[in-house]
Structure formats: structure tokens, C-alpha cells
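These are the residues of each chain, in order.
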Amino acid sequence: MNEPVVILGAGLTGLSTAYHLNKDYHIFEKENEVGGLCRSYRVDGFTFDYTGHLLFLKNPLIKKLVVDLIGDNLIKHQRKSWVYLKNQLIKFPFQANFGSLPDSIAKECLGDFIFTYGYNQGKNYTNLLKWLENRFGKGLTGCFLRPYNQKMWKVPLSGITLDWVDKFIPQPDLNEVIDGVLDIGQKRYGYNTEFFYPKKGGIFSLPLAFKKGVKNLHLDEEVSEIFLGKKLIRFKSGNEVLFSRIVSTIPLPELLEIIKDIPVEIKSKAKDLQYTSVYNINLGVDKKCGPGVHWIYLPEKRYPFYRFGFGSKFSKFMAPEGRSSIYVEISYSPGKPFNKKGMLANTIEKLTELKVISNKIDINVVKILDIKYAYIIYNLARQRYLKSILDYLESQGIFSCGRYGAWEYSSMNDAIYCGMNIAKKINETM
């Protein structure tokens, strides 16, 4: 008798896989609810996500699926995001809208961009710092691109590869930059210029909609060991299950650790895979905040957070009438010093300084979410080892997928699409 497909993790990728599979499967989730990081918490009338989660829906297949799942509970937005630098708001992306900076700085940024744009066309660079300096010039890089990326990634930019930049960093051409400096440009840049968000229920409404279409769901089941030779998975509860295939959304380093009969040369590669964590402070505020703003980027060191935004601007149902919800993102490196105890007070102080809130009396609710795996770092180890790790796992019947399973910088759309493709592959080969 054929054993079932076992799906580990009921986040968006796992749920999408189950939703599209036409084979016998069981899906196991270590938490007591589905969703993974795509969950929301309701506290005293406020709804908070695991930081900002938005749907971009550029793929027609994914857009149709999401609309079929949550129907008219979906709002469409045109992005309203800004960079706060030198005590002023500058439209995002900074590299196309820096004309409002003091004349001497704007002139330097534009001059450096023009020089590097002509001089470095067609040249290849292997790390993020060199690429930024030689794609945008040292002026733009020094003002925003280097400090912001350093603040978010928490590792030297010279150690980050370029596998992800074309998708996530807007790259205006010379004419577009000049139009932006002169404030005559109308073009919108980036993958997230338009986004969708649920009207009610926060982002959690999406995995809950998927949940209705899946079966054989087992919650509170965390994997402790996987035995490839026996085709057996053991859970911390003591339960065991045999498998024909595994679809794993477990963070890749953790997956390699729990496979007991994996070759040492494969397992050892995991130690060099890096990531950043995010300390997500959510605030329910007794006033309306952030008129005309979805989120703001902050490159300067005087602010501990690299970004903050307003969930109540994604939907009015994220906060009670007349109030606002704010999410704040602070990046940190696992294993390095990070003062979590002092971060809330520091954040409130800086939001007050920015006049986002009047004082701490405005705050009705605080919900802190500590996200261990947030951003995958595209370092040389990832570039050298990832393919061989994933190829080995697939040769053993394990499809490691999703943002942390495939160890990639990806969106919710990508997670859903990944699950859809893995299900198709299994449907066609079993």
C-alpha cells in the first residue's frame, strides 16, 4: 500500500500544497492553528499581523485563487510609502525621488548617479555594496541604500550576493531619475506598487480560507526526527507516520538537523546559512495616525527600527473607530547582543519624537511578536550550497519549499505558487 504524502507546516505554502494535491496526504503543524507567520491577533478591538503582510497578486492564477477563496473580503491599494531622512519625508523609492533634499546633497547624488550610470553599464559586480555604489553612485548609496540595507540585513553588505536584487530593488534609468529630481515623473516603481489586503480579519483570513479546503490536518504536532531509510517521521508527541513524499516548509537548517540519516557533508552546509530576525512591536493607538501613509523606511541610526507602518491604513477594521494600529520592525542578528527589554520604551520615545504619537498615554494596546526567521541572507554559502542541498533532499523524496524551506526572499504570492507547483509535480509523478 502506498504511504501518504506528508506536509510539514500549515503556513501558506503547506496549505496551498494540500489544497492542490489530488493524492492521499496528511498535513502537520506544530502550532495550535494554521497560518505560520501569516496569522493575525485580535486584542481589545485591534487586529495585528506578524508585521506587514500584503498581497501583490501579479500572477493571474494566484489572483484568481485568492479571489475565489476570500471573495469580496479584499481591498485594493495603491502603495503610499515614504523614506524619512534628514527630518523630511521623501517619496519611495528614494533613488527616483531625492530632489527635495538640500541642493548640495541632491546635486551630489545626481552627479554621482549620472557618472556611474554611464561608466558602469554592463559591468558585473559580485556583492551588494559594490553593486549599489556602481549602479546608483556613492551619493545615493551613502544617503539611503547602504544605511538602510545595513540596518535591515545586519551583516556587511560586501558579503551579500545579488541573486535577489532585480526583483526587490527598484532600478530607474537615467531619464526616470532626472524626471524624479525635477518632480515631473509619474512612473511608479517596484514589485509592490499595487497591493491587496483583506477587508476584515487581517491577513489571517487567507490561511483560514485555505483551511476550509484541506483535510487530514493535525495541529500541535512538531517533528522531532525524520528517518529517510525507514520513510518515517516521529513527532514530539510520540506519534509516528510513514511517508511516500515529504513537503517541508520547516526552516532549512532545522530540517537538516532533524533528519537523522543524512550525509554529514549535506548537514554540515547548514551552519553557514544565515538569516535575520525581526522584533515586531505592534501598538494600538487612541488617535488617527499616518494620514496618506501605508509605511515609512528609516535609514538613520538614531531610529532603532528600519520601517514602521499603519495596519489601520490597510483596512479600517484593523482598529476601532477613531483609533489606529501601528507596526514597527526592528531587525537583529541571532546570537548577537540585542536589548529586547529596552526596545519598547525606545520605540515609543522615537515615535513620539517623530510626532507619530503624542506620548505613551496614546497607546491602548501593545502586542510584541518576536520573529526568529524573518529575512534570508543571500550570502556566498547560500549561493554555493543551496542547490546541492535541495537536490539531495528531492532525491530522497523531500521537497523543501516556501520562504524558509527553499531559503529564499519571497512573498506570500510566491509561497502560494510554490505550493501549487509542488502539488502539480507530485500529482504527475506518483
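What you are looking at is a predicted structure, and each value in this text was computed from that prediction instead of being measured.

Brief notes about the packing of helix α1 (residues 12–20) against helix α14 (residues 412–429)
Reasoning step 1: Their axes nearest at 7 Å, the elements α1 and α14 cross at an angle of 35°. You can see that α1 and α14 cross each other, and the crossing is right-handed. Across from L12, T13, S16, T17 and H20 in α1, the residues of α14 making contact are M412, A415, I416, C418, G419, M420, I422, A423 and N427.
Reasoning step 2: Grouping the constituent residues of the contact of α1 with α14 by class yields eight nonpolar, six polar and no charged.

Quick look at the pairing of strand β2 (residues 25–28)
Reasoning step 1: Strand direction decides the pairing type here: strand β1 (residues 5–8) and β2, joined by four bridges, are parallel. The residue of β2 that forms the bridge with I7 is I27.
Reasoning step 2: Pairing analysis gives two bridges linking β2 to strand β9 (residues 217–218), with the strands arranged parallel. Paired with I27 across the two strands is L217, which belongs to β9.

What to know about the environment of V6
Reasoning step 1: Following the sequence through the fold, V6 ends up in strand β1.
Reasoning step 2: The exposure class assigned to V6 is buried, which follows from its relative accessible area of 0%.

Here's the deal with the packing of helix α2 (residues 60–70) against α14
Reasoning step 1: For the pair α2 and α14, the least separation of the axes is 10 Å and the interaxial angle reads 95°. Here α14 runs roughly perpendicular to α2, going by the angle between their axes. On α14, the residues that touch L61, I62, L65 and V66 of α2 are N413, I416, Y417 and M420.

Looking at the state of the cysteines
Reasoning step 1: Counting across every chain of the model gives zero disulfides.
Reasoning step 2: The thiol of C143 is unpaired, and the distance to the nearest cysteine sulfur, on C109, comes to 3.9 Å.
Reasoning step 3: Taking the relative accessible area as the measure of exposure, C143 reaches 17% and is therefore buried.
Reasoning step 4: Residue C418 stays outside any disulfide, its sulfur separated by 4.0 Å from that of C401, the closest cysteine.
Reasoning step 5: Judged by its relative accessible area of 18%, C418 falls in the buried class.

Here we look at the sheet that holds strand β11 (residues 232–235)
Reasoning step 1: Pairing is antiparallel across the open sheet formed by three strands, whose spatial order is β10-β11-β12. With partners counted over all chains shown, the strands left at the sheet margins are β10 (223–227) and β12 (240–242), one partner each. Recorded for the sheet is a direction-independent mean angle of 15° between the axes of neighbouring strands.
Reasoning step 2: Across four bridges, β10 lies against β11 in antiparallel orientation. Bridging from a neighbouring strand, V223 pairs with F235 of β11.

Observations regarding the sheet that holds strand β19 (residues 398–400)
Reasoning step 1: Taken in spatial order, the five strands line up as β9-β2-β1-β13-β19 in an open sheet, and their pairing is parallel. Across the chains shown, the open sheet's two edge strands, defined by having one partner strand only, are β9 and β19.
Reasoning step 2: Sitting on the sheet, α1 is in contact with β1, β2 and β13 (245–248), with an inclination near 165° to β2.

Focus: empty space enclosed by the protein
Reasoning step 1: Summed over the entire model, instances satisfying the criterion amount to one cavity of 30 Å³ or more.
Reasoning step 2: When its volume is computed, the largest cavity comes out at roughly 80 Å³.
Reasoning step 3: Lining of the largest cavity is provided by 13 residues; of these, D49, N282, G311, M318 and Y327 occupy positions nearest its centre.

Considerations on the packing of aromatic side chains
Reasoning step 1: Scanning the model with the defined rule gives 33 aromatic pairs in all.
Reasoning step 2: An angle of 75° between the planes, with centres 5.7 Å apart, marks the rings of Y279 and F338 as edge-to-face. Separated by 59 residues along the polypeptide, Y279 in strand β14 (residues 275–285) and F338 in the loop between β17 (324–332) and α11 (340–353) bring together distant segments of the chain.
Reasoning step 3: Through a chain of ring-to-ring contacts, the aromatic side chains of F92, F94, F98, F144, Y148, W153, W164, F168, Y297, Y306, Y375 and Y409 assemble into a single cluster.
Reasoning step 4: Looking at K200, its charged tip hangs above the ring of F317, at a distance of 4.8 Å from the centre.
Reasoning step 5: One cation-aromatic arrangement involves K230 over F227; the distance from NZ or CZ to the ring centre is 5.2 Å.

Thoughts on unusual backbone geometry
Reasoning step 1: The omega angle of the peptide bond from F92 to P93 is 0°, so this bond is cis rather than trans.
Reasoning step 2: Positive phi outside glycine occurs at D44, with the angle close to 50°.
Reasoning step 3: Tracing the backbone shows D44 in the loop between β3 (40–43) and β4 (46–49).
Reasoning step 4: A positive phi is found at K355, a non-glycine position, where the angle reads about 65°.
Reasoning step 5: With respect to the secondary-structure elements, K355 resides in the loop between α11 and β18 (363–376).

Focus: the environment of K340
Reasoning step 1: Along the chain, K340 turns up in helix α11.
Reasoning step 2: Separated by 320 residues in the primary sequence, K340 and H20 place their C-alpha atoms 41 Å from one another.
Reasoning step 3: Apart from the residues within four sequence positions on either side, K340 is in contact with Y279, Y332 and D370.
Reasoning step 4: Within the structure, the side chain of K340 is placed 2.4 Å from the side chain of D370, a separation counted as a polar contact.

The rules behind each value
- Residues numbered from 1 in each chain as written.
- Predicted model: local features only at pLDDT ≥ 70, side-chain atom pairs only at ≥ 80, totals over all residues.
- Heavy atoms only, no water.
- Axes fitted to C-alpha atoms, helices over the stretch in contact; angles between N-to-C directions.
- Helix = DSSP H or I, 4+ residues; strand = E, 2+ residues; numbered from the N terminus.
- Left-handed = near helix turned anticlockwise from the far one by under 90°.
- Contact = heavy atoms within 4.5 Å.
- Nonpolar A, V, L, I, M, F, W, Y, C, P; charged D, E, K, R; others polar.
- Pairing = 2+ DSSP bridges.
- Buried < 20%, exposed > 50% of the residue type's maximum accessible area, 1.4 Å probe, protein only.
- Parallel < 35°, antiparallel > 145°, perpendicular 65-115°, else oblique.
- Disulfide = S-S within 2.5 Å.
- 1 Å grid on protein atoms, 1.4 Å probe; cavity = no way out; pocket = protein on both sides within 12 Å on 5 of 7 lines; lining within 4 Å.
- Points joined across faces, edges and corners; volume = space filled by probe spheres on them.
- Phe/Tyr/Trp six-rings, centres within 6.5 Å; stacked < 30°, edge-to-face > 60°.
- Lys NZ or Arg CZ within 6 Å of the ring centre and 35° of its normal.
- Polar contact = N/O pair within 3.5 Å; in protein donor to acceptor, adjacent residues only side chain to side chain.

Interpretation in functional terms is not warranted from these geometric data alone.
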